[in-house]
Amino acid sequence: MKDRLTRNWIVLAGIWTVLLLAPYWMAPLGGYTALATRVLVLGLAAMSLNFLLGFTGVLSFGHAAWFGLGAYGAGLTLKYLALSTPLAVIVGMLLGGLCGAVLGALLVRRRGVYFAMVTIAFGQVFYYIAFQWSSLTGGDDGLRGFSRQPIDLGLFKLDISSNAYSFYYFVLFCFAVVVGAMGFILRSPFGRTMIAIRENERRSRFLGIPVERHIWIAFTLSCFFMASAGALYALVNNFADPRGLHYSQSGDFVMMAVMGGMRSFWGPLLGAAVFVVLQDYLSSITVNWMSFVGLLFVLVVLFFPRGLLGFLQRSKA
Amino acid sequence: MTLLLLFNITNGLIVGAFYVLMALGLSLILNLSNVINFAHGGFLVIGGYIAYTITPYVGFWGALLLAPPLTAIIGLVVERVLIRPLYGRDPLYSLLLTFGLAFIIEDGTRFIWGPQGKPVTIPPFLSAPLSNELFFVTGYRLFMVAVVIVAVALLFVLLRYTRLGIRIRAGTLDLETVAALGINVQMLRSLNFAVGIFLAGLSGVLAAGQLGLEPTMGTGLLMPSFIAIIVGGIGSLLGTLIGGLLIGVTSGITAVFFPAASEAVIYVLMAVILLTRPRGLFGEEGMMS
């Protein structure tokens, strides 16, 4: 027991060291800081989805909607409301999270494939809104004309707008806050009931857990986390894309979570890293990258359904 | 104004007929195998391109007869090789797999037939309008609706009166008992999948004659088909039929008054149905959970 605890601490320290030093070790390996930032943000999104998918066992296939709403919330804030990066992140998070909370209440009674189907369909609503409401959202071209602003910390200014390093650490800070919240919730008694629902819903119900309400809370939290990732993504690109709300984006997020390992906390981050790097690489060498990404989906499902971490853990055991 | 409204309602019915064909196939597969077939739009595209390829040799009528069964055979192979290993596992996996498959099919058709749209020639007597007043009622549109009606009627006969159909319906209700009665469930699922893909292939051929062919055309039809199923009620094929027509007509009428919302309105319809009648119009209690 004590051994496992120390090992967990070592792993955790290792992960954070790797993340903290990412801008330094990525360059020699042929990467660039912006890529690290993107991996971090998409990894956060995949982890947010996995909070619901892997730990509550609820299959949402429309999570891109909350991601995209976060992005538009942040973009619109910077463009029309105020030139403040933290405010943009908070507004984005609130927009996606609150919309998720309202729709979640409609959805919680569905299970399995039906939940997936209804979430896909509702997710598309936001895609169409972003696509059609051109005067506000820029329609098909996406929302442009905003950029992330330096953060005034009183003592000094954090220049995240032009300095890629500072921006990476700003994103890493947000990442740490959200992931910390996730970990904290999963360790709490509430987190335990989420896992109980995943393992055996009927038994949890007999134990007196209000299953619907807990699924709704888990769904809503997951939407808030997701929206914060979306808000950060808008800052990464200084751009919000309607395709970020599309169900194919949701599919990518589910894929990242599955590929990394749904049953583990950090798996989706690994999945996101592999997915982003692979997609980057494939689209640079072939126009038929879609086929290869599709093939990746098929192969992972057929041969690595437990994901990379699941695979490693099993071969170790 | 009346003419415009009539035009859009006719349009809506025709589009709705497409949704019905797509959604019935999706619904069959979903009900029996618990698989959301994301690649269904892909199979539609395959059906259309097969028709395009064989039309020079066998003519339009030959393509109409041959392309759907050929698509169904491709579907059978896909089911056997890729989807069968996933039955009994978390539905997440079949969802992801067919999702990837849709990518492969879209990219594959683009690779084989090129990204440009392809026309499918239809017999001239079908493409002429029936009257000058109602210019939009071309023979082909009536013909499409007729084919859809025949296909749907045949499907209902198949499901009601043949042994296979009765087994499919029984399996939808309780697959375990069906298996316990000594029926080969794997075979049943395969045939059921093939019937669903046949319908997708048929809609592909019909769509090719009306709209021409593009590798991406399947994805646009997929989401309305999902909504047709949800609105009609999961588990009910009659519901899917009515749901498909309903959303087609609704979006057609909306196009008259508020064109920008013609796509979004079907989602509103879905939200209203889910709020007021969570199981859908014809769904049975508890089917959705």
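Residues numbered from 1 in each chain as written. Chains lettered and ligands numbered in written order. Predicted model: local features only at pLDDT ≥ 70, side-chain atom pairs only at ≥ 80, totals over all residues.

To continue, consider the overall build of chain B. Along chain B, the regular secondary structure elements total 11 helices and 0 strands. In sequence order, the secondary structure elements of chain B are arranged as α-α-α-α-α-α-α-α-α-α-α. Relative to its length of 289 residues, chain B is compact, with a C-alpha radius of gyration of 19 Å against a globular reference of 19 Å. Along the first, second and third principal axes, the C-alpha set of chain B runs to 60 × 50 × 35 Å. By residue count, 51% of the 289 residues in chain B fall in the buried class. Put simply, 73% of the contacts in chain B that link residues at least 6 apart link residues at least 24 apart. (Helix = DSSP H or I, 4+ residues; strand = E, 2+ residues; numbered from the N terminus. Rg over C-alpha atoms; globule rule 2.2 N^0.38 Å. Buried ≥ 20, exposed ≤ 12 C-beta atoms within 10 Å, placed from the backbone. Contact = placed C-beta atoms within 7 Å.)

What chain A contains, in helices and strands, is 15 helices and 2 strands. For a compact globule of 317 residues, the expected C-alpha radius of gyration is about 20 Å, and chain A comes in at 19 Å, within 12% of that figure. Within chain A, the proportion of its 317 residues that are buried is 49%. Restricting the contact set of chain A to residue pairs at least 6 apart, pairs at least 24 apart contribute 73%.

For the rest of this paragraph, the subject is helix 8 (residues 164–187) of chain A. Residue and element names in this part refer to chain A. Between its terminal C-alpha atoms helix 8 stretches 34 Å, which fits the 34 Å expected from 24 residues at 1.5 Å a residue. If you check which residues of helix 8 are buried, you get Phe 167, Tyr 168, Phe 170, Val 171, Cys 174, Phe 175, Val 178, Val 179 and Met 182. Turning to helix 8, the residues buried within the fold contact helix 2 (22–26), helix 3 (33–53), helix 5 (85–107), strand 2 (157–158) and helix 11 (211–237). (Expected span 1.5 Å × (residues − 1).)

Attention now goes to the interface of chain A and chain B. Contacts between the two partners involve 35 residues from chain A, matched on the other side by 35 residues from chain B. Elements with a minimum of two residues in the side of chain A that touches chain B: helix 6 (112–132), helix 12 (247–260) and helix 14 (289–303) of chain A. By residue number, the principal contributor to the side of chain A that touches chain B is helix 6 of chain A, which donates 13 residues. The residue makeup of the side of chain A that touches chain B, split by class, is 25 nonpolar, 7 polar and 3 charged. (Nonpolar A, V, L, I, M, F, W, Y, C, P; charged D, E, K, R; others polar.)

Within soluble globular proteins, side chains that are nonpolar tend to cluster in buried spots. The biggest cluster of nonpolar side chains holds 190 residues, and the ones touching the most others in it are Ala 121 of chain A together with Ile 227 of chain B. With 16 residues, the top contributor of residues to this core is helix 6 of chain A. Not counting chain neighbours up to four residues away, the residues in contact with Ile 227 of chain B comprise Ala 121 of chain A together with Ile 247, Ile 266, Tyr 267 and Met 270 of chain B. (Core = buried A, V, L, I, M, F, W, Y, C linked by C-beta atoms within 7 Å.)

This part covers helix 3 (residues 91–113) of chain B. Residue and element names in this part refer to chain B. When the terminal C-alpha atoms of helix 3 are compared, their 33 Å separation across 23 residues agrees well with the 33 Å that a helix rising 1.5 Å per residue should span. Summarising burial for helix 3: 18 of the 23 residues are buried, a large majority. Of the residues one or two after helix 3, Gly 114 is the one with positive phi, at around 90 degrees.

Among all residues save glycine, negative phi is the norm, and among peptide bonds the norm is trans. Non-glycine residue Asn 238 of chain A carries a positive phi angle of around 50 degrees. Of note, Asn 238 of chain A is situated in the loop between helix 11 and helix 12. Positive phi values are uncommon outside glycine, yet Asn 34 of chain B reaches one of about 60 degrees. Relative to the helices and strands, Asn 34 of chain B resides in the loop between helix 1 (2–33) and helix 2 (40–83). Looking at Asn 34 of chain B, the number of C-beta atoms within 10 Å reads 16, which means it is partly exposed.

With that settled, consider the packing of helix 4 (residues 64–81) of chain A against helix 11 of chain A. Residue and element names in this part refer to chain A. Between helix 4 and helix 11, whose axes approach to 6 Å, the crossing angle comes to 50 degrees. Relative to helix 11, the element helix 4 is oriented oblique. When the axes of helix 4 and helix 11 are compared, the crossing they make is right-handed. Contacts from Trp 66, Phe 67, Gly 68, Leu 69, Gly 70, Ala 71, Gly 73, Ala 74 and Gly 75 of helix 4 reach helix 11 at Cys 223, Met 226, Ala 227, Ser 228, Ala 229, Gly 230, Ala 231, Tyr 233, Ala 234 and Leu 235. When the residues that make up the contact of helix 4 with helix 11 are grouped by side-chain class, the tally is 13 nonpolar, 6 polar and no charged. (Axes fitted to C-alpha atoms, helices over the stretch in contact; angles between N-to-C directions. Parallel < 35°, antiparallel > 145°, perpendicular 65-115°, else oblique. Left-handed = near helix turned anticlockwise from the far one by under 90°.)

A separate point is the environment of Met 182 of chain A. All names here are of chain A. Looking at the secondary structure, you find Met 182 in helix 8. Since 21 C-beta atoms lie within 10 Å of it, Met 182 is described here as buried. In the structure, Met 182 is positioned 43 residues away from Phe 225 in sequence and 8.4 Å away in space, judged by C-alpha atoms. Contacts of Met 182, omitting those with residues within four sequence positions, involve Met 47, Phe 51 and Phe 225.

Moving on, we get to the environment of Gly 165 of chain B. All names here are of chain B. The topology assignment puts Gly 165 in helix 6 (residues 163–173). By C-beta crowding, Gly 165 is classed as partly exposed, having 17 other C-beta atoms within 10 Å. Between the C-alpha atoms of Gly 165 and Leu 155, which are 10 residues apart in sequence, the distance is 8.7 Å. Aside from chain neighbours lying at most four places away, what touches Gly 165 is Leu 158, Leu 159 and Arg 160.

Residue and element names in this part refer to chain A. Packing of helix 4 against helix 5 brings their axes to within 7 Å, and their N-to-C directions diverge by 140 degrees. Comparing their axes, helix 5 and helix 4 come out oblique. Crossing geometry of helix 4 relative to helix 5 is assigned as right-handed. For the pair helix 4 and helix 5, contact is made by Trp 66, Leu 69, Gly 70, Ala 71, Gly 73, Ala 74, Thr 77 and Leu 78 and by Leu 87, Ala 88, Val 89, Val 91, Gly 92, Met 93, Leu 95, Gly 96, Cys 99 and Gly 100, respectively. Taken together, the residues of the contact of helix 4 with helix 5 sort by class into 12 nonpolar, 6 polar and no charged.

Detailed reading of predicted coordinates is not advised where the pLDDT is low. Of the residues in chain B, 94% have a pLDDT of 70 or more, and the chain-wide mean is 85. Complex prediction metrics read pTM 0.88 and ipTM 0.84. (pLDDT = per-residue confidence, 0-100.)

Here the focus is the environment of Ala 257 of chain A. Residues and elements named next belong to chain A. Along the polypeptide, Ala 257 turns up in helix 12. The sequence separation of Ala 257 and Ala 272 amounts to 15 residues, and the corresponding C-alpha distance is 7.4 Å. In this structure Ala 257 touches Ala 46, Leu 49, Asn 50, Leu 53, Gly 54, Met 262, Pro 268 and Gly 271, once residues within four positions along its chain are discounted.

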